[in-house]
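As a plain string of letters, each chain reads:
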Amino acid sequence: MSETQSAHLQRKLGARHLNMIAIGGSIGTGLFLASGATIANAGPGGALLAYCLIGIMIYFLMTSLGELATHNPTSGAFFTYGTKYVEGGFGFALGWNYWYNWAITVAFELVAVQFIMKFWFPDIPGFYWSAIFLAVIFAINSLSVKGFGESEFLFSLVKVIAIIVFIIIGIVMIAKIMLTPNMVTFANWTKGDAPFVGGLQAMIGVAMIAGFSFQGTEMVGVAAGESKDPKKTIPVAIKQIFWRILLFYVVCIFIIGTLVAYDDPRLLQAAASDNITLSPFTLLYEKVGFAFAAGLMNAVILTAILSAGNSGMYSSTRMLFDMARKGSAPKIFGKLDARGVPMNALYATTAIAALCFLTTFIGEQEVFNWLLNMSGMCGFIVWLGIAISHYRFRKGYLAQGYKLEDLAYKAKFFPFAPWFAFILCTIVVLGQNYQAFLSGDWLGMLSTYISIPLFLVIWLGYKWKNKTKLVSYQDMDVKPMNPDQD
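Residues numbered from 1 in each chain as written. Predicted model: local features only at pLDDT ≥ 70, side-chain atom pairs only at ≥ 80, totals over all residues. Heavy atoms only, no water.

Undergrad: Which residues make up helix α3 (residues 34-71), and what values do they have?
TA: Across its 38 residues, α3 extends only 36 Å between first and last C-alpha, which sits more than 12% below the 56 Å expected from 1.5 Å per residue. The largest bend in α3 is about 115 degrees, located at G43, with the proline P44 one to four residues further on. Taking burial as the measure, the 38 residues of α3 include 33 buried ones, the bulk of the element. (Helix = DSSP H or I, 4+ residues; strand = E, 2+ residues; numbered from the N terminus. Expected span 1.5 Å × (residues − 1). Bend = angle between axes of the 7 residues up to and from the residue. Buried < 20%, exposed > 50% of the residue type's maximum accessible area, 1.4 Å probe, protein only.)

Put into structure tokens, the structure is as follows:
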């Protein structure tokens, strides 16, 4: 197939695809495995509060992104918005941050595959499973965007069904406890140090895990570049995100915290992620008496990982493509094949995802933890970028005499929403491992905060080289973009 640099991405993603892309990118190992660790570390109340706060923040961020993406639909969402509405170097760093964020997240998911496949095949080296899953994800992303959308729809549907079944079973079990004489429904909420365990530090720590679990909802902004009629489909997807957050995360955490004690040793071990039988979802199925619970959840979580890796590969590839088209990445990554797929950008992203094979030389758990820390921190940097970009866009839009009623989608609670998101993100980022500073744990500091100096080096290096300045409100390009321009 011949490649061309003048071709455009294909706008073939409908509303149902966008909805499932947002779900597919965010529901993965974070919810199915790490949710138990959050309850063990912060108690049921601390975990629920952390997920509620992060959930509210994500809703605000998605409304901010909805306003930006309907006004300016582009596959290079965060790079473009940071450049147009903040400063050239900021947008440049934000784009590269988002690209390697999801590229290393794909690597993280592929390492998780190695842990999970041990359940069935303990004697086969994990290297082979990562290679197989990477090949599958690459093949799916090599298809046309419509093929990607359909595959993601099916993957996400499996996860949604699994979570709905889990919620139904959990509600039935809670109702049974309520109707049983001498049974205390919320005994696990008043046991020991519950509902809050570990104090403020534990809360901040699980907030990062909760944030990692939510990562992917912002993919709606990237998918805007290939969505049909973005001014209609994006607001629909944004409006439904809040209810998905409420249902899939908050309700699940409430059910787990109610039915499984925070000091259950199996929850404490769940953070290791190398034993699928320790998933809080599996523990609940076992309480019901489902002997096949571990095998069932193994299949579901494999689907979740494939979906999250699939979405991550898609999102990072599109970001690199858009940056190349705008001159912020090598031009070779801005080419499309005859199907409208940026194959060169896909090759580059796949190369970073191949970091999963480091487990052959370094311990699996070490690689897993490093990739988790880097991805989690990068995700919060992206969210900070969304909050800052939206705040400045709205200010510039009004400063140039435009009217709010002319926006295709208007974010609510401005300016409180972006300020709330900015402050909460900053607290979680800076407070994530402050004890490492107090104790002089340099390795701990490096593994936790390495993404921050990397972002600053890229930003300030670009700013110094190109002498970029903060874009003034009057000079800001706030004109609505024609969707066919991308």
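What follows continues from the structure just given.
Undergrad: Describe in detail the nonpolar core, supporting the description with residues and values.
TA: Ranked by internal contacts, the top residues of the largest apolar core, which has 132 residues, are I54, M57, I58, L61, F166, F380 and W383. The dominant element in this core, judged by the number of residues it contributes, is helix α5 (residues 88-117), at 20 residues. If sequence neighbours within four positions are ignored, W383 has contacts with M57, I58, L61, G211, F214, Q215, E218 and C425. Listed in part, the 5 residues of the second largest apolar core include A42, A202, M203 and V206. (Core = buried A, V, L, I, M, F, W, Y, C linked by side-chain atoms within 4.5 Å. Contact = heavy atoms within 4.5 Å.)

Undergrad: Please provide a residue-by-residue account of the side chain of T63, values included.
TA: Looking at the element boundaries, T63 is found in helix α3. For T63, a relative accessible area of 2% gives the class buried. When neighbours within four sequence positions are excluded, T63 is seen to be in contact with I238, Y409 and A411.

Undergrad: Please set out the packing of aromatic side chains residue by residue, giving values where relevant.
TA: Geometry of an aromatic ring pair is reported as the spacing of the ring centres plus the angle between the planes. With the rule as written, the count across this model stands at 25 aromatic pairs. Following the ring pairs from residue to residue traces out a cluster consisting of Y59, F60, F413, F416 and F420. Against the face of F414 rests R394, its NZ or CZ located 4.5 Å from the ring centre. Across the ring face of W464, the terminal group of K467 is positioned such that the distance to the ring centre comes to 5.5 Å. (Phe/Tyr/Trp six-rings, centres within 6.5 Å; stacked < 30°, edge-to-face > 60°. Lys NZ or Arg CZ within 6 Å of the ring centre and 35° of its normal.)

Undergrad: So, the pattern of salt bridges: which residues are in play, and what are the values?
TA: Inspection of every chain in the model, using the stated rule, returns 6 salt bridges. E87 serves as the salt-bridge partner of K463, at 3.6 Å between the closest nitrogen and oxygen. Here the residue K463 occupies a position in helix α20 (residues 451-466), and E87 occupies one in the loop between α4 (77-85) and α5, the gap between them amounting to 376 residues. The partly exposed category is assigned to K463, whose relative accessible area is 30%. Between K479 and D477 there is a salt bridge whose closest N-O contact spans 3.2 Å. In this structure, a network of salt bridges that share partners links the residues K84, D477 and K479. (Salt bridge = Lys/Arg side-chain N within 4 Å of Asp/Glu carboxyl O.)

Undergrad: How would you sum up unusual backbone geometry? Please name residues and give values.
TA: The omega torsion of the bond from F414 to P415 falls at 5 degrees, within 30 degrees of zero and hence cis. Following the sequence through the fold, P415 ends up in the loop between α16 (364-399) and α17 (416-431). Non-glycine residue F413 carries a positive phi angle of around 60 degrees. With respect to the helices and strands, the residue F413 is situated in the loop between α16 and α17. Located in the positive-phi region is K467, a residue other than glycine, with phi close to 55 degrees.

Undergrad: With reference to specific residues and values, describe the layout of surface pockets.
TA: Counted as a void, the second largest pocket has a volume near 280 Å³. Every residue lining the second largest pocket is counted, 13 residues in all, and those nearest its centre are I381, L384, I452, F455 and L456. For the lining of the second largest pocket, the secondary-structure elements that each account for two or more residues are α16, α17 and α20. For the lining of the second largest pocket, the class distribution of residues is 11 nonpolar, 2 polar and no charged. (1 Å grid on protein atoms, 1.4 Å probe; cavity = no way out; pocket = protein on both sides within 12 Å on 5 of 7 lines; lining within 4 Å. Points joined across faces, edges and corners; volume = space filled by probe spheres on them. Nonpolar A, V, L, I, M, F, W, Y, C, P; charged D, E, K, R; others polar.)

Undergrad: Provide a residue-level description of a nonpolar patch on the surface, including the pertinent values.
TA: Residues F119, W120, F121, I124, F127 and Y128 make up a contiguous nonpolar surface patch of roughly 560 Å² in combined accessible area. Structurally, the position occupied by I124 is in the loop between α5 and α6 (126-142). Given the relative accessible area of 36%, I124 is considered partly exposed. (Patch = residues over 30% accessible without salt bridge, like charges linked within 9 Å, V, L, I, M, F, W, Y side chains within 5 Å. Areas by Shrake-Rupley, 256 points an atom, 1.4 Å probe, with all protein chains shown as cover.)

Undergrad: Outline the confidence of the model for the protein chain, listing residues and values.
TA: Averaged over the protein chain, the pLDDT score is 79; the fraction of residues at 70 or greater is 81%. α20 holds the highest mean pLDDT among the elements of the protein chain, 92, whereas helix α1 (residues 15-26) holds the lowest, 58. For the stretch residues 1-6, pLDDT sits under 50, and the model shows 18 contacts to residues farther than four places along the chain or on other chains. (pLDDT = per-residue confidence, 0-100.)

Undergrad: Tell me what's going on with helix α15 (residues 343-353), and back it up with residues and numbers.
TA: With respect to burial, α15 is a largely interior element, 8 of its 11 residues being buried. Here α15 has its buried residues at M343, N344, A345, L346, A348, T349, T350 and A353.

Undergrad: Outline the side chain of N97, supporting the account with residue identities and numerical values.
TA: Looking at the element boundaries, N97 is found in helix α5. Using a relative accessible area of 0% as the deciding quantity, one classes N97 as buried. Of note is the side chain of N97, whose polar atom sits 3.2 Å from the backbone oxygen of C378. Excluding its chain neighbours within four sequence positions, the residues that come into contact with N97 are C378, I381, V382 and F455. (Polar contact = N/O pair within 3.5 Å; in protein donor to acceptor, adjacent residues only side chain to side chain.)

Undergrad: A description of the packing of α5 against α20 should follow, citing residues and the corresponding values.
TA: Close contact between α5 and α20 brings their axes to 8 Å; oriented N to C, the two are set at 140 degrees. On the basis of the axis angle, α5 is oblique to α20. Handedness of the α5/α20 crossing: right-handed. Every residue of α20 that contacts α5 at G88, G89, F90, F92, A93, L94, W96, N97 and Y100 is listed here: S451, L454, F455, I458, W459 and Y462. (Axes fitted to C-alpha atoms, helices over the stretch in contact; angles between N-to-C directions. Parallel < 35°, antiparallel > 145°, perpendicular 65-115°, else oblique. Left-handed = near helix turned anticlockwise from the far one by under 90°.)

Undergrad: Go over the environment of T317 with me, naming the residues and quoting the values.
TA: Within the element layout of this structure, T317 appears in helix α14 (residues 293-325). Overall, the relative accessible area of 1% leaves T317 in the buried class. Residues T317 and F333, 16 residues apart in the sequence, show an inter-C-alpha distance of 9.0 Å. Aside from chain neighbours lying at most four places away, what touches T317 is P342, A345, L346 and T349.

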